[in-house]
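Survey of secondary and tertiary structure
So the chains spell out like this:
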Amino acid sequence: MNRLWKYSLLAAFFLMLLLGRSEKVHSQNVDYKAYTLFLYNFMKYVEWPTTEGDFIIGVVGESPIKKELQELGKTKKAKGRKIVVINITNPTDALLCSMVYIPSSKSSELKALKEKLQGKSVLVVAEREGLAKKGAAISFVIDDDDALKFDINKSVLDAHSLKIAGTLIKLGFLVG
Amino acid sequence: MKRLLPLLLLFFLFEKDAFQQTTPAVKDTFDFYEMSLEQLLQMKAHGVPSELEELINSLILAASKRPLTARESPGIVTLITDEEIRNSGARDLIDVLRLVPGIDFGVDVEGVVGIGTRGLWAHEGKILLLIDGQEMNEPLFGINNFGNHFPVDQIKKIEVVRGPGSAIYGGFAEYGVINIITKSATDLPGVSLSGTAGQMRTSMGRRNFNLSAGKQSKDFQFTLGAFLGQGTRSDQDYTDIYGNSYNMAGNSNLDPLHLNTAIAYKGFSARWIMDYYETTVRDGYDIIKSEPYPINYTSHFTELKYSGQIGKKKKLTITPKLNMKSQTPWETIWDLDTVAEDYSKSVQRYTANISASYNLTRKINFIAGAEVYQDKAQDNSNDSSFFSNGEKEVKYFNQAYFIQALAKTRFVNFIAGARMDIHNVYGHAFVPRVGLTKKIKKTHFKILYSNSFRAPTIENINLSTEISPELTQVFEVEAGYQITRKSLLTANFFDIITKDPIIYFFDDSLQTDNYYNYGGAGSRGLEVEYRMRDKWGYLIFNYSNYSVAGKEKSLDYEVPDNPSMLLAFPTHKANFNLNIKAGKYLSISPTLSYIGERYGYTGIDSTGTSVIEKFPSLLLANIFVNVSGFAKGLTVGIGCYDILDSKYKFIQPYNGYHAPLPGPSREFLFKITYEVKNEKTKKP
């Protein structure tokens, strides 16, 4: 392959990389707005024994979803209750919450939260797939085509005195 | 330059901007959070995909029989869409597949153009060509003849597995699989008619007509595709190795007729394909003939299939199917024996296949199945030729068992599978494979090891005393990086080792054709591809390279004094495929193929020794423009293939005394498509 062709091809290749980089948005990131939408629907279609006071959502550790939930709280309410978002730094904080969200990076915290929240009416939602089988009430699932779905563990919901509407059960996958 | 290269690459990949996240477009919060539950099911975990992400996240079946995205599929896969085919104005599968890394074409004998991959001649039963699941390779020699043959307008997508596929598909998928899926009723607007006219420098290039129609009504679907054409391989002069010439216009006709019809009702489907390919040739095997003669390829395919999910949780899917194909390839019935020998053999293959797919969990899947087929071949000629059993008819029987396990974990997807074929003459072939794949955020990787085989065909068995399958081991590694949401860079390395390849030789003393297993073959190389897709169009650039240095080679395939390459196929090849949408109704698509130096035998010297010639590198430049919107349902395309009139020739990839066969000269194209939309068949 003569040099002129080699260098022409290399130049064309790098020119294309330059053109490709004119787009600043990086490769597909998790759309936490979509996850927040699901959490909002969980608030709508799950019944808690108590309907008084603020609806406190605890996010374990740091996660971009916290910002999305705060945005949600500015305009929406959970069945008339004001949505408040707090950080959970230790399992005791979770006792204040109506819903606890465990980001993927904090999945190892599930066990401690389970023990702390035994018998409490707190909906534990995990970002990582499979955690509904390990004690979370709901965990998210990403399908092959990137569709966002969720697993439901009804036994866990029952143990926490939470009732889930049939319409929501139909959308998810029952794993317990 | 060499030192600068890695630095430049690092700069583009890791510069700060590449990591900058932007705030997603602000949505109307009120409307967004009041979505219905049905709309909730449409949400994607990673937001609205870009056009590129939609493509690279689309599900591929060919490499695993289980839908996986292209980046996680256990094969080095190229996906070609109908949009790319339509925009490029591709005339036939040669134009489409030439843009795939590593794929190239060469001439066999009697005007037949076959396919090669990664430097290796894959014409005889080494690349499986499927159209809607039907194996197009004829069972006598395992070949497919390319050139104005198959209807590109009917294609919805092509999954090209650029690596072994025998663990799933058996003995014709040693080096690759080309899985063509045509448009079904859900893809078709109602009725689509198209006509293509091509004019080469001095003669008609092609006149093709295609009709596609589809109707969907609740659970019932009907699809019809009809393609009729007349074409010319070339209007250039062909000169045989002895210096005799003729002009190919009028002596290299390629006239196809292809019908494809299917019905589907719930889990049941039936398909029938008829393919008539009438060719006229004059090149023969070595010396040209005094006049042209016809060689026809006739095929009929019938399939009945049912796919049913069993159990409350529908974890188990059983798919039984019956296939019958009848093919009469290479049919030469000519009155004048001085022109060509009569050849007419037919084969019927009856296949029963059952497979079961079981989802143990959402992440673990098993597939197992069995297949039996019988080949029945008849010698239809009136002369004294017969099969090796001394009869005018011969039967062969093959049984196969296959299994595959797929496990998707957080860290890696693991796939393992194997297939065992047991033939009543050539014995057995066992081919396992294993692969690891994973997409993690911006990057993906694949590590694949596969065994594959090429099954001896009916004529291989007939023309040998003892023959075995040729066995191949392939190691492939792929890495990919999504540079931005609209661009993706992938690179893969491959290493192929073939043992006991089935080789043809002509016994001068006995004047007989023969096949036997001898020696070895293989290649290794690198393939790189860059894809960018945006609202303005798309850009695809790929480069492929192979080397046979250090590999076993057959004398008939090697280039003397050049240990790193083989006959006919360039060690360097690059493609550039661009589409620009200039407004709502106009698109412009230039394509370029850089084909590096090649070698081929072009003549014989005074001692009767073949003379080899170096073919310099060349550029095939094409352009096609589509215009729509000026009349309802109407699209007009005009373009030119081989603008530079490069005088491309198909070279014979072995020393078989056939001179290089000229391809089409510069060809101007005109295409008109008219679509009548059926409101009921619109996509929801």
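Residues numbered from 1 in each chain as written. Chains lettered and ligands numbered in written order. Predicted model: local features only at pLDDT ≥ 70, side-chain atom pairs only at ≥ 80, totals over all residues. Heavy atoms only, no water.

**Re the packing of aromatic side chains**
As a reminder of what qualifies: We call Phe, Tyr and Trp rings a pair once their centres come within 6.5 Å, taking the six-membered ring for Trp, and we label the pair stacked below 30 degrees between planes, edge-to-face above 60, and tilted otherwise. Secondary structure elements follow DSSP: runs of H or I of four or more residues count as helices, runs of E of two or more count as strands, with numbering from the N terminus. Buried means the residue's accessible area, taken with a 1.4 Å probe over protein chains only, is under 20% of the maximum for its type, while exposed means over 50%, and partly exposed covers the values in between. The criterion for a charge sitting over a ring is simple: Lys NZ or Arg CZ within 6 Å of the ring centre, and within 35 degrees of the ring normal.
For the structure shown, the criterion picks out 20 aromatic pairs over all chains. Ring geometry for Tyr32 of chain A and Tyr35 of chain A: centres 5.6 Å apart, planes at 45°, overall tilted. Here Tyr35 of chain A and Tyr32 of chain A lie together in helix α2 (residues 32-45), a separation of three residues that amounts to about one turn. Like Tyr32 of chain A, the residue Tyr35 of chain A is buried in the burial classification. Aromatic rings pair up to connect Tyr32, Tyr35, Phe38, Phe42, Phe140 and Phe150 of chain A into one cluster. The ring of Phe387 of chain B has Lys345 of chain B sitting right over it, with the charged end atom 5.0 Å from the ring centre. Across the ring face of Tyr373 of chain B, the terminal group of Arg349 of chain B is positioned such that the distance to the ring centre comes to 3.8 Å.

**Quick word on the sheet that holds strand β6 (residues 123-126) of chain A**
All names here are of chain A. For the record, the criterion: At least two bridges found by DSSP between two strands are what make those strands a pair. What makes two residues a contact is simply this: any of their non-hydrogen atoms within 4.5 Å. Every axis in this analysis is a line fitted to C-alpha atoms, fitted for helices over the stretch in contact. Angles between the N-to-C directions lie between 0 and 180 degrees.
Overall, mixed pairing links the eight strands, which are arranged β3-β4-β2-β5-β6-β7-β8-β10 in an open sheet. Edge positions in the sheet fall to β3 (77-78) and β10 (173-174), since each of these pairs with one other strand and no more. Sheet topology note: the β6/strand β7 (residues 138-142) ladder contains two bridges and is parallel. Bridge pairing in β7 places Ala126 opposite Ser139. Where helix α3 (residues 65-75) meets the sheet, its contacts fall on β2 (55-60), β3, β4 (81-88) and β5 (99-102), and the angle it forms with β4 comes to roughly 160°.

**Let's talk about the confidence of the model for chain B**
Residue and element names in this part refer to chain B. Rule in force here: Each residue carries a pLDDT score, the predictor's own confidence in it, on a scale running from 0 to 100.
Counting all residues, the mean pLDDT for chain B is 91, and 93% of those residues have values of 70 or more. Taken as a whole, residues 1-29 scores under 50 in pLDDT and shows 37 contacts with residues more than four places along the chain or in a different chain. Scoring of the predicted complex yields 0.90 for pTM and 0.81 for ipTM.

**Some words on the environment of Phe42 of chain A**
All names here are of chain A. Within the secondary structure layout, Phe42 lies in helix α2. For the pair Phe42 and Phe150, spaced 108 residues apart in the sequence, the C-alpha separation amounts to 11 Å. The residues contacting Phe42, other than those within four sequence positions of it, are Trp48, Met99, Leu123, Val125, Ile138, Phe140, Phe150 and Leu168.

**Focus on the packing of α2 of chain A against α3 of chain A**
All names here are of chain A. Let me state the cut-off plainly: Roughly parallel here means an angle under 35 degrees, roughly antiparallel means over 145, roughly perpendicular means 65 to 115, and every remaining angle is called oblique. Handedness of a crossing is defined here by the sense of rotation of the near helix relative to the far one, left-handed for an anticlockwise turn of less than a right angle and right-handed for a clockwise turn. Note that Gly is not counted as nonpolar here; it falls among the polar residues with everything else outside the nonpolar set of Ala, Val, Leu, Ile, Met, Phe, Trp, Tyr, Cys and Pro and the charged set of Asp, Glu, Lys and Arg.
Interhelical geometry of α2 versus α3 gives an angle of 50° and a closest axis separation of 9 Å. The orientation of α2 relative to α3 falls into the category oblique. Taken as a pair, α2 and α3 cross one another with a handedness that is right-handed. Here α2 contributes Tyr32, Lys33, Tyr35, Thr36, Leu39, Tyr40 and Met43 to the contact with α3, which in turn contributes Ile65, Glu68, Leu69 and Leu72. Split by residue class, the contact of α2 with α3 holds eight nonpolar, one polar and two charged.

**Description of the sheet that holds strand β6 (residues 120-121) of chain B**
Residue and element names in this part refer to chain B. An order of β4-β5-β6 is seen for the three strands of this open sheet, with the pairing classed as antiparallel. Looking along the sheet, the strands with just one partner apiece sit at the ends: β4 (103-107) and β6. Relative to β6, strand β5 (residues 113-117) runs antiparallel, the two being bridged by two bridges. By the bridge assignment, Thr117 is partnered in β6 with Leu120.

**A look at the nonpolar core**
Spelled out, the test is: Only buried Ala, Val, Leu, Ile, Met, Phe, Trp, Tyr and Cys residues count toward a nonpolar core, and they belong to the same one when joined by side-chain atoms within 4.5 Å.
Counting 90 residues, the largest nonpolar core has Leu93, Leu97, Phe105, Ile115, Ile158 and Ile178 of chain B as the members making the most contacts within it. When near neighbours in sequence (up to four residues on either side) are disregarded, Ile178 of chain B contacts Leu97, Ile115, Ile127, Leu128, Leu129, Leu130, Ile158, Glu159 and Val160 of chain B. Met43, Val59 and Leu168 of chain A together with Leu37 of chain B belong to the second-largest nonpolar core, a separate cluster that totals 44 residues.

**Looking at unusual backbone geometry**
Although it is not a glycine, Lys79 of chain A adopts a positive phi angle of roughly 50°. Tracing the backbone through its elements, the reader meets Lys79 of chain A in the loop between β3 and β4. Of note in this structure, Lys266 of chain B is not a glycine but carries a positive phi near 50°. Its place among the elements puts Lys266 of chain B in the loop between β16 (253-265) and β17 (268-281). Exposure remark for Lys266 of chain B: the relative accessible area of 60% places this residue in the exposed category.

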